[in-house]
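Take a look at the letters that make up each chain.
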Amino acid sequence: MVRDAYPETFEGLAPSKPLGENIFSGPTPHPNEVLNLFIQQKLTSALPMAYYMATRRGIGSLMDRSLPQSATLSPGILQSAMTGLMALREVELNETHRLIFEQTDSRFCSTPKCPSRTATSPAALDAYRKVFSHIVGSSQQGTKVLQVPEFYEDYEGDLRCVGPNICSNCVQRWESGHADLRKKVWTELADIFGLSSY
Ligand SMILES: [Zn+2]
């Protein structure tokens, strides 16, 4: 069960499966608590994912002083988690920015009304900005780099890209680019949290 929710392979990260702390029966434990538990039990193969699940909620959650002892991270663990979170945030912001803003131009898009036809136009930049902030969450403190992004929103029953008039070809290109990003981050996760020497 733990193996499914804290998968060792990228393929185990299927969006339909419950991940992380949601698999525990009874009240859902805080991800910090799960991380502490896995470290105590030396469940090393599940540690990269357990670190990720804890950092996902951001610094406030990692350092939350109101948590019980069992969910309080020791200085060493906290340091690994914070270092990893910074690295993940940077990769997430830079790579998503590159994906949306730089890998989009008329060569790949032949849909007449799609703003990507003129990728430097104000309409295109406005659309890219909306897509970018929708995916990375401009005010968000944690990370969702391993999460499958939602490029579409439901406008009264009509599914439309969050970037106005962006065509489905462009969204597909971004979806596959983001899948590559998730795979890359996943393979580096142990390194990112300083676990490679285990
Ligand atoms: Zn397009």
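What this report covers is the structure whose coordinates are included nearby. Predicted, not measured: the structure shown is a model, and the values here were computed from it.

A word on the coordination of the zinc ion
Reasoning step 1: Protein-derived coordination of the zinc ion comes from Cys109 (SG), Cys114 (SG), Cys167 (SG) and Cys170 (SG), at a distance range of 2.3 Å.
Reasoning step 2: Relative to the metal, the four donor atoms surrounding the zinc ion lie at angles of 103 to 113 degrees, and the coordination shape comes out tetrahedral.
Reasoning step 3: Along the chain, the residues donating to the zinc ion fall in the pattern C-x4-C-x52-C-x2-C. Here Cys114, found in the loop between helix H5 (75-102) and helix H6 (122-136), pairs with Cys170, found in helix H7 (residues 168-192); they are 56 residues apart in sequence, far enough to count as distant.

Digging into the pattern of salt bridges
Reasoning step 1: Evaluation of the coordinates by the stated rule reveals five salt bridges.
Reasoning step 2: Across the pair Lys130 and Asp126 runs a salt bridge, and its minimum N-O distance is 3.0 Å. Of this pair, Lys130 and Asp126 both sit in helix H6, four residues apart, which is roughly one turn of the helix.
Reasoning step 3: Taking relative accessible area as the criterion, Lys130 reaches 38% and is therefore assigned partly exposed.
Reasoning step 4: Taking the relative accessible area as the measure of exposure, Asp126 reaches 32% and is therefore partly exposed.
Reasoning step 5: The closest approach of N and O atoms between Arg160 and Asp158, which form a salt bridge, is 3.2 Å.
Reasoning step 6: Residue class for Arg160 comes out partly exposed when judged on its relative accessible area of 44%.

Let's talk about the packing of aromatic side chains
Reasoning step 1: Per the stated rule, a full pass over the model turns up five aromatic pairs.
Reasoning step 2: Ring geometry for Tyr51 versus Phe193: centroids 5.0 Å apart, planes at 20 degrees, classification stacked. Of this pair, Tyr51 sits in helix H3 (residues 47-55) while Phe193 sits in the segment after H7; the two residues are 142 residues apart in sequence, bridging distant segments of the chain. Both residues of the pair, Tyr51 and Phe193, belong to the buried class.
Reasoning step 3: An aromatic cluster is defined as three or more aromatic residues linked by ring pairs; in this entry it consists of Phe101, Tyr128, Phe132, Phe151 and Trp174.
Reasoning step 4: When the ring centre of Tyr155 is taken as reference, the NZ or CZ atom of Arg160 above it lies at 4.8 Å.

About the cut-offs
- Residues numbered from 1 in each chain as written.
- Predicted model: local features only at pLDDT ≥ 70, side-chain atom pairs only at ≥ 80, totals over all residues.
- Heavy atoms only, no water.
- Donors = N, O, S within 2.8 Å, 3.2 Å for Na, K, Ca; no water.
- Tetrahedral: all angles 85-135°; square planar, octahedral: opposite > 155°, others 65-115°.
- Helix = DSSP H or I, 4+ residues; strand = E, 2+ residues; numbered from the N terminus.
- Salt bridge = Lys/Arg side-chain N within 4 Å of Asp/Glu carboxyl O.
- Buried < 20%, exposed > 50% of the residue type's maximum accessible area, 1.4 Å probe, protein only.
- Phe/Tyr/Trp six-rings, centres within 6.5 Å; stacked < 30°, edge-to-face > 60°.
- Lys NZ or Arg CZ within 6 Å of the ring centre and 35° of its normal.

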